[in-house]
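Residues per chain, in single letters:
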Amino acid sequence: MVSLNKMQVETALLFESVEQIYARVFRTLKPRTPLPSISVQYRRYANANSRVCLKEGQLLVEISDLLEPAPAPIQEALASILISKLFRRVPERAVLARYRRYLNRADVRRTLHLAKQQRGRKPLRDARGKVYDLQVIFDDLNFKYFHGLMAQPRLGWSVRPSRTTLGHYDPSHHAIVLSVVLDTEKASELIVSFVMFHEMLHLRYPTEHRGARRCVHTREFKLAEKNFDNYREAKGELKKFVERSEEHTSELQSHHD
């Protein structure tokens, strides 16, 4: 049986404005803090990102216009997540799960995917780098592991160096991007090929959406990855390369300090 309090909250949600939802959530999370004036604006973003800040007694909320049609319980969940993060609190797991389930709905994912294609840009450097040509590496791997049947995505080196994300596949722009930190003689062809192979597998085994969960590396993905020649050697070399890169970064920071 649904409790009276729960029924009252659910009924209130139907008639509250977005600003009123944020005010109620703010009072719940910070009952002893004076309620600031609240401004909620929808922005034309290329994704579902939203922002919040508390400035001079005003709570400023900027929400992706892609979330404007979201029902009140989702707006409430987002408000709870944003305000929790504003005050360095961990959002409730149930609230996070509710919001993620909404984003993982097939219709919402289609909307986000289309918006990213139409509004977002994918800046990347040419596939032919200073040391490695990603087109050559892709073609070699395509014929060796995929019988030459994998559709050609955009290929390129990242504009900015990243030591944490060495490669990624962007399905909205059908692009494989490798971090430019790998375009060096210090990175062996083995590990560059391994990173490329890993990203190619994302085309073969797309992300699976299971309720509130996203499964990026499925069981089939992980098994297929082990078919890479010299798999263990490549994993070991890649780990050492990352560790050396991190040490080099730490040394530069220490020297700068």
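All figures in this text were calculated on a predicted structure; none of them were measured in a lab.

1. What about the confidence of the model for the protein?
Counting all residues, the mean pLDDT for the protein is 86, and 87% of those residues have values of 70 or more. Note that residues 1-11 has pLDDT below 50 and, in this model, two contacts with residues that lie over four places away or in other chains.

2. Looking at the packing of helix 2 (residues 18-29) against helix 3 (residues 72-86)
Between helix 2 and helix 3, the shortest axis-to-axis distance is 9 Å and the interhelical angle comes to 45°. Considering the angle they form, helix 2 stands oblique to helix 3. The element helix 2 and its partner helix 3 pack so that their crossing is right-handed. Contacts from Ile21, Tyr22, Arg24, Val25, Phe26 and Leu29 of helix 2 reach helix 3 at Ala72, Gln75, Glu76, Leu78, Ala79, Ser80, Leu82, Ile83 and Ser84.

3. Describing the nonpolar core
Counting residues in each nonpolar core, the largest one holds 36 residues, and the members touching the most others are Leu178, Leu182, Val192 and Met196. For this core, the secondary structure elements donating two or more residues are helix 6 (134-145), strand 4 (154-157), strand 6 (175-178), helix 7 (189-204), helix 8 (219-225) and helix 9 (231-256). No other element matches the nine residues that helix 7 contributes to this core. Ala48, Ala70, Leu82 and Tyr99 belong to the second largest nonpolar core, which has 32 residues in total.

4. Topic: the sheet that holds strand 6
The three strands are arranged 4-6-5 in an open sheet whose pairing can be described as mixed. Each edge of the open sheet is held by one strand with a lone partner, namely strand 4 and strand 5 (167-170). Within the sheet, the average angular offset between the axes of one strand and its neighbour, ignoring direction, is 15°. Bridge count for strand 5 against strand 6 is four bridges, and the pairing is antiparallel. When the bridges of strand 6 are listed, Tyr169 appears paired with Ile176. Those strands touched by helix 6 are strand 4 and strand 6, and its axis lies near 130° from that of strand 4. Contacting strand 4, strand 5 and strand 6, helix 7 runs over the sheet at an angle of about 155° to strand 6.

What counts and what doesn't
- Residues numbered from 1 in each chain as written.
- Predicted model: local features only at pLDDT ≥ 70, side-chain atom pairs only at ≥ 80, totals over all residues.
- Heavy atoms only, no water.
- pLDDT = per-residue confidence, 0-100.
- Contact = heavy atoms within 4.5 Å.
- Axes fitted to C-alpha atoms, helices over the stretch in contact; angles between N-to-C directions.
- Helix = DSSP H or I, 4+ residues; strand = E, 2+ residues; numbered from the N terminus.
- Parallel < 35°, antiparallel > 145°, perpendicular 65-115°, else oblique.
- Left-handed = near helix turned anticlockwise from the far one by under 90°.
- Core = buried A, V, L, I, M, F, W, Y, C linked by side-chain atoms within 4.5 Å.
- Buried < 20%, exposed > 50% of the residue type's maximum accessible area, 1.4 Å probe, protein only.
- Pairing = 2+ DSSP bridges.

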